[in-house]
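Residues per chain are reported as follows:
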Amino acid sequence: MKMKRAIVITNTSAFAAMALLLTFANAELPYPLLPYLKFDLAEIPIVTLLFLMGPLPSLVAEAIHWVALSVARGWVLGPLMKFLAVTPMILGYWIGIEVLKRFFRQRKLPTIFTFGSIMGAVARIVATTVLNIIVLLVIAPEFLKFAGAVLKVVGVAATSTQEVLIWTLLLTGVFNALHVFLSAIVALSIVRGAAFKIPWVIENAWIFGHRK
């Protein structure tokens, strides 16, 4: 038990550190539809940890990532928005996979991965949509004006505040869905690659364990 706990703590700390390193290295990919949004490669270690060890260690790692990023950058809103996007995604995966396991007795990895990713994306989109409405209309309405200017640059003719809000939420939703699947595909490739080198991963990884 102590050995297992030590492994969980070590892996949680290591993957949180990897996420921080990728963040500070600005490891990002552009999202052309809303250029101020970036596909953050720092999410890949968090999702990889989710697939390896389950939701609780990945939630803890993301919390470490959030707190360290807030302290290092001295900015609350950005890291908090990231934290409140990633945590619903993790919970969506957990709920989706548990539903398949308990009610449908589904063990096939492609089905588990796909349904978990869909549930993760849905949870993330719902959470970020609500958060963005609050931020854009209440906390920082100046961001909505900036979003309107960006929409014009990418060719979206949004003339009213309502249209700017709707287009911003829609394109942000597409971004979050793509982000979930991008991170998940890379993370699953890493876990499956590790399984070839370290066979016990197949039996002990959280996402593989549901195949039994």
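A short tour of the structure in this document, coming up. (Residues numbered from 1 in each chain as written. Predicted model: local features only at pLDDT ≥ 70, side-chain atom pairs only at ≥ 80, totals over all residues. Heavy atoms only, no water.)

Next up on the list: unusual backbone geometry. The phi angle at Asn26 is positive, at roughly 55 degrees, despite the residue not being glycine. Among the secondary structure elements, Asn26 is positioned in the loop between α1 (2–24) and β1 (28–30). A relative accessible area of 52% means that Asn26 is categorised as exposed. (Helix = DSSP H or I, 4+ residues; strand = E, 2+ residues; numbered from the N terminus. Buried < 20%, exposed > 50% of the residue type's maximum accessible area, 1.4 Å probe, protein only.)

If you trace the backbone, Ala195 turns up in helix α7 (residues 161–197). In sequence terms Ala195 and Ala205 are ten residues apart; their C-alpha atoms lie 9.0 Å from each other.

Assignment of secondary structure puts Thr48 in helix α2 (residues 43–53). The contacts of Thr48, once residues within four sequence positions are left out, are Phe15, Ala187, Ile190 and Val191. (Contact = heavy atoms within 4.5 Å.)

Using the criterion set out here, one finds seven aromatic pairs in the structure. Between Tyr31 and Phe39, the aromatic rings sit 5.7 Å apart at their centres with planes inclined by 85 degrees, giving edge-to-face as the arrangement. The exposure class assigned to Tyr31 is buried, which follows from its relative accessible area of 2%. Here Phe39 falls in the buried class, since its relative accessible area comes to 9%. On the numbers, 5.6 Å between centres and 50 degrees between planes, the contact of Tyr36 with Phe146 is tilted. Residue Tyr36 is found in the loop between β1 and β2 (38–40), and its partner Phe146 is found in helix α6 (residues 142–153); the two are separated by 110 residues along the sequence. On the accessibility criterion, Phe146 (47% relative accessible area) is partly exposed. (Phe/Tyr/Trp six-rings, centres within 6.5 Å; stacked < 30°, edge-to-face > 60°.)

A few words now on the packing of α2 against helix α3 (residues 55–73). Following both chains from N to C, one finds α2 and α3 inclined at 155 degrees, their axes separated by 7 Å at the closest point. In this view, α2 runs roughly antiparallel relative to α3, as classed from their interaxial angle. When the axes of α2 and α3 are compared, the crossing they make is right-handed. Along its contact with α2, which presents Ile46, Leu49, Leu50 and Met53, the element α3 presents Pro55, Pro57, Ser58, Ala61 and Glu62. Looking at the contact of α2 with α3 residue by residue, the class counts come to seven nonpolar, one polar and one charged. (Axes fitted to C-alpha atoms, helices over the stretch in contact; angles between N-to-C directions. Parallel < 35°, antiparallel > 145°, perpendicular 65-115°, else oblique. Left-handed = near helix turned anticlockwise from the far one by under 90°. Nonpolar A, V, L, I, M, F, W, Y, C, P; charged D, E, K, R; others polar.)

For the structure shown, the criterion picks out four salt bridges. Across the salt bridge formed by Lys82 and Glu43, the nearest N and O atoms sit 2.6 Å from each other. Separated by 39 residues along the polypeptide, Lys82 in helix α4 (residues 77–103) and Glu43 in helix α2 bring together distant segments of the chain. For Glu43, the salt bridge is made with Arg124, and the minimal N-O distance between the two is 2.8 Å. One end of the pair, Glu43, is in helix α2; the other, Arg124, is in helix α5 (residues 109–139), with 81 residues separating them in the sequence. By the burial criterion, Glu43 is buried, and Arg124 matches it. A single network of salt bridges, built from pairs that share partners, joins Asp40, Glu43, Lys82 and Arg124. (Salt bridge = Lys/Arg side-chain N within 4 Å of Asp/Glu carboxyl O.)

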